[in-house]
Amino acid sequence: MDLESSRDHASLESIKPLSCSIAHGSAARYIYGIIFMLTTLIAWVVRDYSHRALSELHYLEGCLGGHNCLGSEGVLRISFGCFVFFLAMFVTTVGTTRLYGARDVWHNRWWPAKGVMWVILMVLPFLVPPSFIHIYGEVARYGAGIFLLIQLLSVINFIYWWNEQWFSEERCKAPMLVVAFVSFGASIVATTYMSLWFAPHISCTLNIFFTSWTAILINVMTAISLHSKASIAHTNGVNAGLMTSGLMSVYLCFLCWSAIMSEPLSEACNTRPRQTGKSDWLTLLSFVIALAAIVMAAYSTGTDSQTFCLPKKSFELDDEVPYGYGFFHLVFALGSMYFAMLFIGWNLHQTMHKYSIDVGWASVWVKIANEWAAAAIYIWTMIGRFVLRNREFP
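Here is a short report on the structure shown in this document. (Residues numbered from 1 in each chain as written. Predicted model: local features only at pLDDT ≥ 70, side-chain atom pairs only at ≥ 80, totals over all residues. Heavy atoms only, no water.)

### Regarding the packing of aromatic side chains
Scanning the model with the defined rule gives 25 aromatic pairs in all. Seen from their ring centres, F83 and Y136 are 6.1 Å apart, and the 50 degrees between their planes marks the pair as tilted. Taken together, the residues span a long stretch of sequence, with F83 in helix 3 (residues 70-93) and Y136 in helix 6 (residues 130-167) at a distance of 53 residues. Accessibility assignment for this pair places F83 and Y136 in one class, buried. Arranged with centres 4.8 Å apart and planes meeting at 50 degrees, the rings of F328 and F332 form a pair that is tilted. Note that F328 and F332 are positioned in helix 12 (residues 325-344) at a spacing of four residues, about one turn of the helix. No difference in accessibility class separates F328 from F332, as the two residues are buried. What links up through ring pairs into an aromatic cluster is the set Y32, F36, F85, F86, W111, F328, F332, F339 and F343. Stacked on the ring of W106, the Lys or Arg K114 has its end atom at 5.3 Å from the ring centre. (Phe/Tyr/Trp six-rings, centres within 6.5 Å; stacked < 30°, edge-to-face > 60°. Helix = DSSP H or I, 4+ residues; strand = E, 2+ residues; numbered from the N terminus. Buried < 20%, exposed > 50% of the residue type's maximum accessible area, 1.4 Å probe, protein only. Lys NZ or Arg CZ within 6 Å of the ring centre and 35° of its normal.)

Rendered as structure tokens:
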């Protein structure tokens, strides 16, 4: 009896550290997400409500847009502080593989110290010369682009993961068909309404091109996924089919719609209500949804480090970290650049309306490029192993 009791006690002791590590690992992720969200809100307040306060800092008056661009410069300064915070966390946690080490403790604890560091980094950037902030803004464009690429790969990986999970279950074959046909139906409806809403006249050539090219990409992706080689690629690990193409079609339609909705208010071809800078319910709702999307994009992508790792051994050790700490902080650092670009419309000298996010021709072309990249990467995942026949894929 005593032996059984001691064995049970030993089992509980071996499980307890693992459970606690998972708990505090999850709590740390949420706290970092809250820090990122607070920083995003501060950037919004600085952009929309701090023009008078920023104008008192006379060394900021040299920005190219005069006082009107001070809000955008303030966003870049907040973004720079957030970037430095998560970059420091990346440098001090990258390569962490085991729990209860010094770097694991630093990642999951020491919140008062990290809170002080964050507050200092929210203030210090306002003492930096405008010329340096301008250089950071130029670099942030590339950092934000890398963030979009990482997010795009994460989305495609999730779609394939979902397809694999259901494909392996016989009872999920019918739901797969339902999701596929619903997705294709939604994409057909979306492209039709985008043509009606965003290209009401023959003179709206750019919007006609956007919607038409989106429809062409959807047809190309679907045709390749239904090809005989792609249909049997499941045995080789690709497993592309109707459901993956359907979900990608919806994703492309969303990116196209989002791009056209980012066109400036002066664009007459867009007949739908858009962000006007006024405090109407549509503008406020769109703004809140956009803020939540920024935080969720950074959080979900940051925790998906397995997508970008080389294949590992099939077994896991009890003291192995639950996710890549370094990658998590790197994504948040790039996300800091990304939210700055959204708040200033990817244009360092653009004056944005209140409650507006990601508006302007630069934003339009960034989203369109993201859509085309999504289609190209997805198509390559289907045809890559057939094009490079002599190369062994993992």
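Text resumes after the structure shown.
### Structural notes on the nonpolar core
Residues F36, F86 and M341 are the most contacted members of the largest nonpolar core, which totals 54 residues. Residue assignment for this core shows that the elements contributing at least two residues are helix 1 (2-49), helix 3, helix 5 (111-123), helix 6, helix 11 (281-302) and helix 12. With near-sequence residues (within four places) excluded, F36 lies in contact with C82, F86, I294, V295, A298, F332, G335, S336 and F339. Counting 31 residues, the second largest nonpolar core, distinct from the first, contains M176, V179, F210 and M261. (Core = buried A, V, L, I, M, F, W, Y, C linked by side-chain atoms within 4.5 Å. Contact = heavy atoms within 4.5 Å.)

### Considering a nonpolar patch on the surface
Taken together, the side chains of F209, W213, I216, V220, W361, W365 and W372 define a hydrophobic patch exposed on the protein surface, amounting to about 630 Å² of accessible area. Broken down by element, the residue count for the nonpolar patch peaks at four residues, all from helix 8 (residues 205-225). When you line up the elements, W213 lands in helix 8. (Patch = residues over 30% accessible without salt bridge, like charges linked within 9 Å, V, L, I, M, F, W, Y side chains within 5 Å. Areas by Shrake-Rupley, 256 points an atom, 1.4 Å probe, with all protein chains shown as cover. Salt bridge = Lys/Arg side-chain N within 4 Å of Asp/Glu carboxyl O.)

### A short note on the environment of I188
As for its placement among the helices and strands, I188 is situated in helix 7 (residues 173-198). According to the relative accessible area criterion, I188 is exposed, its value standing at 54%. Measuring from C-alpha to C-alpha, the distance between I188 and A215 comes to 8.2 Å, with 27 residues separating the pair along the chain.

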